[in-house]
Amino acid sequence: MGLLDWLTKKRKPLSKMTRQELRQQELLLEKERNLLLRRIEKLGRDKQVLFERGAKEKTPEVRRALAQEFEMKTTEQLMVSRQLNIRTKEMVTVARLRMLRENAERAEQVGDRIGMIGGRDLMTLTRLIENDAVTAEMYQERLDELLRVGAGVDEGRTGLSQAGQAVLDIWNRVDRGQITDVAEAFDEADRRVREQKSAAEA
């Protein structure tokens, strides 16, 4: 089911839901998203075990079987990742609509528009949600443009702030071997996040 059908053709479309009902939908999507995330994490751990086992295995037949299993788990991981990307974008959509509902006095209601989303906008969002190449962060930026909601609003739930990006950057440095001590990396991440938060509050 595409976003347009999901928004307008359910027993009770999102456009007719109260703030509380939107919050319930958001929590359901968040639950599904967390299940998918845990599945991806488990597949990653399973792959690591398989890889380490294959590195020690000397029997060619066993190695081939392990390689096939590694490939299957990678395929499943990619499929689940696509589902996770979709669920994340759907959750972002519901969260934004909930915010508009909470701020209804500032959200113009024009005809059959949902907040500030018109039919053409819904078609655009549908294509973005179904496009695997569009990440959740890219989708959020586009959704914020359509809703005319600042990209920084509620970013703690739906996107990355500068502080969050700093943590990602440090993890990437660990991946590249630029930081070898995990404790040192944690201290650096904690320091940078605290600095970003202090600067935002100043």
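Rules of the game
- Residues numbered from 1 in each chain as written.
- Predicted model: local features only at pLDDT ≥ 70, side-chain atom pairs only at ≥ 80, totals over all residues.
- Heavy atoms only, no water.
- pLDDT = per-residue confidence, 0-100.
- Helix = DSSP H or I, 4+ residues; strand = E, 2+ residues; numbered from the N terminus.
- Contact = heavy atoms within 4.5 Å.
- Phe/Tyr/Trp six-rings, centres within 6.5 Å; stacked < 30°, edge-to-face > 60°.
- Buried < 20%, exposed > 50% of the residue type's maximum accessible area, 1.4 Å probe, protein only.
- Axes fitted to C-alpha atoms, helices over the stretch in contact; angles between N-to-C directions.
- Parallel < 35°, antiparallel > 145°, perpendicular 65-115°, else oblique.
- Left-handed = near helix turned anticlockwise from the far one by under 90°.
- Nonpolar A, V, L, I, M, F, W, Y, C, P; charged D, E, K, R; others polar.
- Expected span 1.5 Å × (residues − 1).
- Lys, Arg positive; Asp, Glu negative; His and termini not counted.
- Salt bridge = Lys/Arg side-chain N within 4 Å of Asp/Glu carboxyl O.

The next thing to look at is the confidence of the model for the protein chain. In this model, the protein chain carries an average pLDDT of 75, and 71% of its residues clear a pLDDT of 70 or more. Across the protein chain, the secondary-structure element scoring lowest on mean pLDDT is helix α6 (residues 155-158), at 40, and the one scoring highest is helix α2 (residues 19-56), at 90. Scored below 50 in pLDDT, residues 109-116 makes 16 contacts in the model with residues more than four places away or belonging to other chains.

So, on to the packing of aromatic side chains. In this structure the tally under the stated criterion is one aromatic pair. Geometrically, the ring pair formed by F51 and F70 is tilted, given 6.2 Å between the ring centres and 55 degrees between the ring planes. Note that F51 is positioned in helix α2 and F70 in helix α3 (residues 60-102), a separation of 19 residues in sequence. Taking relative accessible area as the criterion, F51 reaches 58% and is therefore assigned exposed. By relative accessible area, which is 28% here, F70 ends up partly exposed.

Look at α2 against α3: their axes get within 8 Å of each other, and the N-to-C directions meet at 160 degrees. Taken together, the axis directions place α2 and α3 in an arrangement best described as roughly antiparallel. Of the two elements, α2 crosses α3, and the hand of that crossing is left-handed. Residue composition of the contact of α2 with α3, by class: 17 nonpolar, eight polar and 19 charged.

Let us look at α2. Here α2 contains 38 residues, and its C-alpha end-to-end distance of 56 Å stays within 8% of the 56 Å for a straight helix at 1.5 Å per residue. Regarding α2, the residues found buried are L22, Q25, E26, L29, L36, I40, L43, K47, L50 and G54.

Our focus in this paragraph is the side chain of K47. Within the fold, K47 resides in helix α2. Although buried, K47 forms no salt bridge, and the nearest oppositely charged side chain, E76, lies 10 Å from it. Filtering out sequence-adjacent residues up to four positions away, K47 remains in contact with F70, K73, T74 and Q77.

Before going further, it helps to examine the pattern of salt bridges. Proximity of charged atoms lets side chains of opposite charge pair with each other. Summed over the entire model, instances satisfying the criterion amount to eight salt bridges. The salt bridge involving E26 is made with R23; its shortest N-O contact spans 3.3 Å. Of this pair, E26 and R23 both sit in helix α2, three residues apart, roughly one helical turn. Given a relative accessible area of 1%, E26 falls into the buried group. On the accessibility criterion, R23 (29% relative accessible area) is partly exposed. The partner of K42 in a salt bridge is D46, and the shortest N-O contact between them spans 3.0 Å.

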